[in-house]
Amino acid sequence: MKRTVIRGTGRALPSRLVTNDDLTKIMDTTDEWIRQRTGIEQRYWIPEGEEVGASDLGLEAAQKALDKAGWAAEDLDFIIFATLSPDITFPGAGCLLQAKLGLNSTPVLDIRQQCTGFLYGMATADAYIKTGLAGKVLVVGAEVHSTGLDKSTRGRDITVIFGDGAGAVCVEGIETDENVGVIASSLHADGTAADSLMLELPASRLPDRLPPDVAVDDPRYYPSMDGKKVFKKAVRKLPEVTKEVLVKAQVPLEDIDMFFPHQANLRINQAYAHFMKIDESKVFNNIQKYGNTTAASIPIALDEAMEQNLVGKKDDTILFLGLGAGLTWGGLLYRFA
Ligand code: COA
């Protein structure tokens, strides 16, 4: 039976370290507020004044993942790129990354599922592999948030949360009778809650995409979020989707060695552990260092955990989870081969 297994992972973080104290110099916030409410201590933003897009960070992460897999870019059958912050409006960042990898005909798919983007990407890669459409797939999640945030006090609820970064995973189809690789996944979306986390302008639905009567610093040019609503939804949906995936996989909760939830808020992940009655040491968190890197957060976490030898041994079983704008959410169970 065909199975989708991970061959290499990589991550890229920009060089500019921004601490909570740095943010207190530009907006009315405190290190204490940010740590207490979110767990975040610092994040990385692209260097001021430099042109760095999601595809540039994605390229660095992808090259590391390809090196670990022992693959050349030419070996790839398919590239999947998840981001909510593409370099330019169109074409998608995946095409830009493909060109930077020195390719000019490999198919590319851009995914716009925000914090769940990597999960949608992995589930799509798995489907392509299991149906024989591709053998070797690169899945990338990458974000450059920092150039689009409201760095005044008005935008403090969102700006303190987001960090830039990229993570990449090389996956391959293998024939095996063992129950390994991507075992099950479950994806969801609720478009009726689209306005609880969104970036409204520029908008093609308007008579003028850049409305002439709207100032360039209008709040609608920056992301807006109903933080409490998203928080509550996450705390409810992440346990729900965990159960769904485990039922599909016919794997008990106790078999999971490590949980990789999207890094949106440390308190969400602690609440998840509490609700699921699992030891917090089994939940991998690195939001303290990187903030919320949206589509990049899960592959960055995986790369770090594998580097620390926390997971990666044969039969290690891990669960990826995420919820974000859309709203979208999902889970994916993976067992190392
Ligand atoms: N520094 C200091 N004070 C801040 C602040 C900041 N960075 N951001 C907001 N505040 C203030 C608010 O203005 C408010 O003040 P008020 O009581 O005088 O009106 C107070 O802190 C409480 O704000 P609130 O928004 O109710 O806080 P919260 O406890 O809900 O925490 C979030 C805010 C954003 C941290 C939290 O709601 C959250 O993490 N939500 C989920 C985010 C998420 O998962 N997103 C999905 C993935 S992207």
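Note that the structure is predicted; figures quoted are calculated from it, not measured.

Turning to the sheet that holds strand 4 (residues 78-82), a few remarks are in order. One open sheet accounts for 5 strands, arranged 1-7-6-4-5; its pairing is mixed. Each edge of the sheet is formed by a strand with only one pairing partner; in this case those strands are strand 1 (2-12) and strand 5 (108-111). Direction aside, the axes of adjacent strands within the sheet are offset by 20° on average. Inspection of the sheet shows strand 4 paired to strand 6 (residues 136-143) by 5 bridges, in the parallel sense. By the bridge assignment for strand 6, Ile-79 is matched with Leu-138. Lying on the sheet, helix 3 (residues 54-69) is in contact with strand 1, strand 4, strand 6 and strand 7 (165-175); it crosses strand 1 at an angle near 125°. Helix-sheet contacts for helix 10 (residues 297-307) involve strand 1 and strand 7, and the interaxial angle to strand 1 is about 90°.

Here the focus is the domain arrangement of the protein. If you check the domain split of the protein, you get domain 1 (2-175) and domain 2 (181-282 + 292-335). The C-alpha-based centres of domain 1 and domain 2 are spaced at 14 Å. Counting residues at the interface gives 47 residues for domain 1, matched by 45 residues for domain 2. Taken together, the two surfaces of domain 1 and domain 2 that pack against each other cover about 3,600 Å², and 63% of this comes from carbon and sulfur. Ranking the residues of domain 1 by area buried against domain 2 places Arg-11, Cys-115 and Leu-119 at the top, with a combined share of 19%. Seen at the junction of domain 1 and domain 2, the total is 4 salt bridges. Note that Lys-68 is salt-bridged to Asp-303, the shortest N-O span being 2.8 Å.

Quick look at the site of the ligand now. Around the ligand there are 21 residues in total, and Thr-29, Arg-37, Gly-227, Lys-228 and Asn-265 lie nearest to it. Within the contact set of the ligand, an oxygen atom lies 2.7 Å away from a side-chain nitrogen or oxygen of Arg-37. Within the contact set of the ligand, an oxygen atom lies 2.6 Å away from a side-chain nitrogen or oxygen of Lys-228. Notes on the ligand: free accessible area 970 Å², of which the protein chains cover 74%. Counting residues per element, the ones that place at least two in the shell around the ligand are helix 2 (31-38), helix 6 (156-159) and helix 7 (227-249). A total of 4 residues in the shell around the ligand trace back to one element, the largest contributor, which is helix 7. Each of domain 1 (2-175) and domain 2 (181-282 + 292-335) contributes no fewer than three residues to the shell around the ligand.

Parameters at a glance
Each chain has its residues counted from 1, running along the sequence as written. Local features in this predicted model are restricted to residues whose pLDDT is 70 or higher, and side-chain atom pairs enter the listing and the counts only when it is 80 or higher, whereas totals over whole chains, interfaces and linings include all residues. With hydrogens and water stripped out, all remaining heavy atoms of the structure feed into the side-chain values. Note on pairing: DSSP must find at least two bridges between two strands before they are called paired. For helices the rule is a DSSP run of H or I covering at least 4 residues; for strands it is a run of E covering at least 2, with both sets numbered from the N terminus onward. All axes here are fitted lines through C-alpha atoms, helices being fitted over the stretch that makes contact, and every angle between N-to-C directions spans 0 to 180 degrees. Contacts are assigned to residue pairs with any non-hydrogen atoms lying within 4.5 Å of each other. Marked domain ranges trace back to an automatic or database domain assignment. Put simply, buried area is the surface a 1.4 Å probe can reach on two separate parts but cannot reach once they are joined, added for both. Basic side-chain nitrogens of Lys or Arg form a salt bridge, by our definition, when they fall within 4 Å of a carboxyl oxygen of Asp or Glu. For this purpose, a residue is taken to be near a molecule or strand whenever a single non-hydrogen atom of the residue falls within 4 Å of it. Polar contact is the term for a pair of N or O atoms within 3.5 Å; when the atoms are in protein, one must be able to donate a hydrogen and the other to accept it, and sequence-neighboring residues count only if both atoms are side-chain atoms. With residues, only the protein chains shown are counted as cover, and all accessible areas are computed by Shrake-Rupley using a 1.4 Å probe.

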